[in-house]
Amino acid sequence: GIQVEQSPPDLILQEGANSTLRCNFSDSVNNLQWFHQNPWGQLINLFYIPSGTKQNGRLSATTVATERYSLLYISSSQTTDSGVYFCAVGGGATNKLIFGTGTLLAVQP
Amino acid sequence: KAGVTQTPRYLIKTRGQQVTLSCSPISGHRSVSWYQQTPGQGLQFLFEYFSETQRNKGNFPGRFSGRQFSNSRSEMNVSTLELGDSALYLCASSLAYEQVGGYTFGSGTRLTVV
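Residues numbered from 1 in each chain as written. Chains lettered and ligands numbered in written order. Predicted model: local features only at pLDDT ≥ 70, side-chain atom pairs only at ≥ 80, totals over all residues. Heavy atoms only, no water.

Trainee: When you look at the overall build of chain B in this model, what are you seeing that I'm missing?
Mentor: The helix and strand inventory of chain B stands at zero helices and 11 strands. Helices and strands in chain B line up, N terminus first, as β-β-β-β-β-β-β-β-β-β-β. Along the first, second and third principal axes, the C-alpha atoms of chain B reach 40 × 25 × 25 Å. A fraction of 54% describes how many contacts in chain B between residues 6 or more apart in sequence connect residues 24 or more apart. Carbon and sulfur atoms make up 48% of the accessible area of chain B, which amounts to about 5,200 Å² in all. Counting 11 positive and 6 negative side-chain charges, chain B places the averaged centre of each group 6 Å from the other. (Helix = DSSP H or I, 4+ residues; strand = E, 2+ residues; numbered from the N terminus. Contact = heavy atoms within 4.5 Å. Areas by Shrake-Rupley, 256 points an atom, 1.4 Å probe, with all protein chains shown as cover. Lys, Arg positive; Asp, Glu negative; His and termini not counted. Charge placed at Lys NZ, Arg CZ, Asp CG, Glu CD.)

Trainee: In this structure, what is going on with the state of the cysteines? I would like to understand it.
Mentor: Defined simply, a disulfide is a covalent bond joining two cysteines at their sulfur atoms. Residues and elements named next belong to chain B. Under the defined criterion, the tally for this structure stands at two disulfides over all chains. The disulfide partner of Cys23 is Cys91, and the gap between their sulfur atoms is 1.7 Å. The sign of the S-S torsion, about -60°, decides the handedness of the disulfide formed by Cys23 and Cys91: left-handed. With Cys23 in strand E3 (residues 19-24) and Cys91 in strand E9 (residues 87-94), this residue pair connects regions lying 68 residues apart in the sequence. Residue classification places Cys23 among the buried positions, given a relative accessible area of 0%. (Disulfide = S-S within 2.5 Å. Buried < 20%, exposed > 50% of the residue type's maximum accessible area, 1.4 Å probe, protein only.)

Trainee: What am I meant to see in the side chain of Thr103 of chain A here?
Mentor: Residues and elements named next belong to chain A. Within the secondary structure, Thr103 sits in strand E11 (residues 103-108). Residue Thr103 is classed as buried on the basis of its relative accessible area, which comes to 0%. At a separation of 2.6 Å, a polar atom in the side chain of Thr103 contacts the main-chain carbonyl oxygen of Pro8. When neighbours within four sequence positions are excluded, Thr103 is seen to be in contact with Gln6, Ser7, Pro8, Pro9, Leu11, Leu21, Gly83, Val84 and Tyr85. (Polar contact = N/O pair within 3.5 Å; in protein donor to acceptor, adjacent residues only side chain to side chain.)

Trainee: I keep staring at the sheet that holds strand E7 (residues 59-64) of chain A and nothing clicks. Help me out?
Mentor: By way of backbone hydrogen bonds, the strands of a sheet pair with one another, either parallel or antiparallel. Residue and element names in this part refer to chain A. Strand order in the open sheet formed by five strands is E1-E3-E8-E7-E6, with antiparallel pairing between adjacent strands. The sheet is open, and its two borders are formed by strand E1 (4-7) and strand E6 (52-56), each paired with just one other strand. Looking at each pair of strands side by side, their axes are set apart by 15° on average, direction ignored. Sheet analysis places E1 next to strand E3 (residues 19-25), joined by four bridges and oriented antiparallel. What sits directly across from Gln6, in E3, is Cys23. (Pairing = 2+ DSSP bridges. Axes fitted to C-alpha atoms, helices over the stretch in contact; angles between N-to-C directions.)

Trainee: Quick question: what am I supposed to make of unusual backbone geometry here?
Mentor: Comment: phi is negative for the bulk of residues other than glycine, and the bulk of peptide bonds are trans. The omega torsion of the bond from Ser7 of chain A to Pro8 of chain A falls at -10°, within 30 degrees of zero and hence cis. Within the secondary structure, Pro8 of chain A sits in the loop between E1 and strand E2 (10-14). Residue Pro8 of chain B follows Thr7 of chain B across a cis peptide bond; omega there is -10°. Here Pro8 of chain B shows up in the loop between strand E1 (5-7) and strand E2 (10-13). The phi torsion at Glu52 of chain B lies on the positive side, around 70°, for a residue other than glycine. Topologically, Glu52 of chain B is positioned in the loop between strand E5 (42-50) and strand E6 (53-57). For Glu52 of chain B, a relative accessible area of 48% corresponds to the partly exposed category.

As C-alpha cells, then:
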C-alpha cells in the first residue's frame, strides 16, 4: 500500500516565525489533505490539495504530484497554531485515507 | 451548515462489554468512514460506507462492525471490548465515493476501556 512520511516529526518555533512541513508519499494519489488536530482531538481540514498550490490566510500548501510530495507553509506562526499536523492521502483501489505520523508543532510566545 | 456530529464524546466501558458509536455526516454527504487513533498505531482506517453498503474494510478483527442507514447516518459497534480498544474514534464524511473535495471529520468519541 501507499506509504506516507512526514517531516520533521517535531518542531518548536517562536511566535512570528515561519515553517515548512513536508509530506512524501510512495505512489500516485487522487486525494491529499492536510489536517490540524486540535487539543480536543478533532481533525480540522486545512487543505484538500491533490495537486497545485492553495493559500488560506497565513497557511499555504503545494503538492507536486509527479514528484510525490506536498509542503505545508505556516507564516507568522501564532500559539494557536500549536498541535499536530497530519498529511493524509487516498488513492489506488480503495477509498481510504492513509495518514502520516504527523508533525508536532509547538509555538512558544 | 452543520458539520459531522459524533456521539457520545466520551465513553468509559468495562472489558467484555460492547459499545455503539454514532456519526451523522454533513447534510448531503453519502460516504462515511471510521478511523481509530491510538498513540501506538496512529490513525488507522476501520471501514467506509456508501449508500448503506460497506465499500472498504481495514485490518481490524470481526469484533468491529458498522452500518449505514438510509439517511447516511452511521454507527459502529465494538463487541467484547479489550483494553487495547481504548482510543479516539473519528468519523469522516465526504460528498461522494470518489473523494472529490476530500473528507470532513467529526470531533471524535474518546473510548476508555477499563
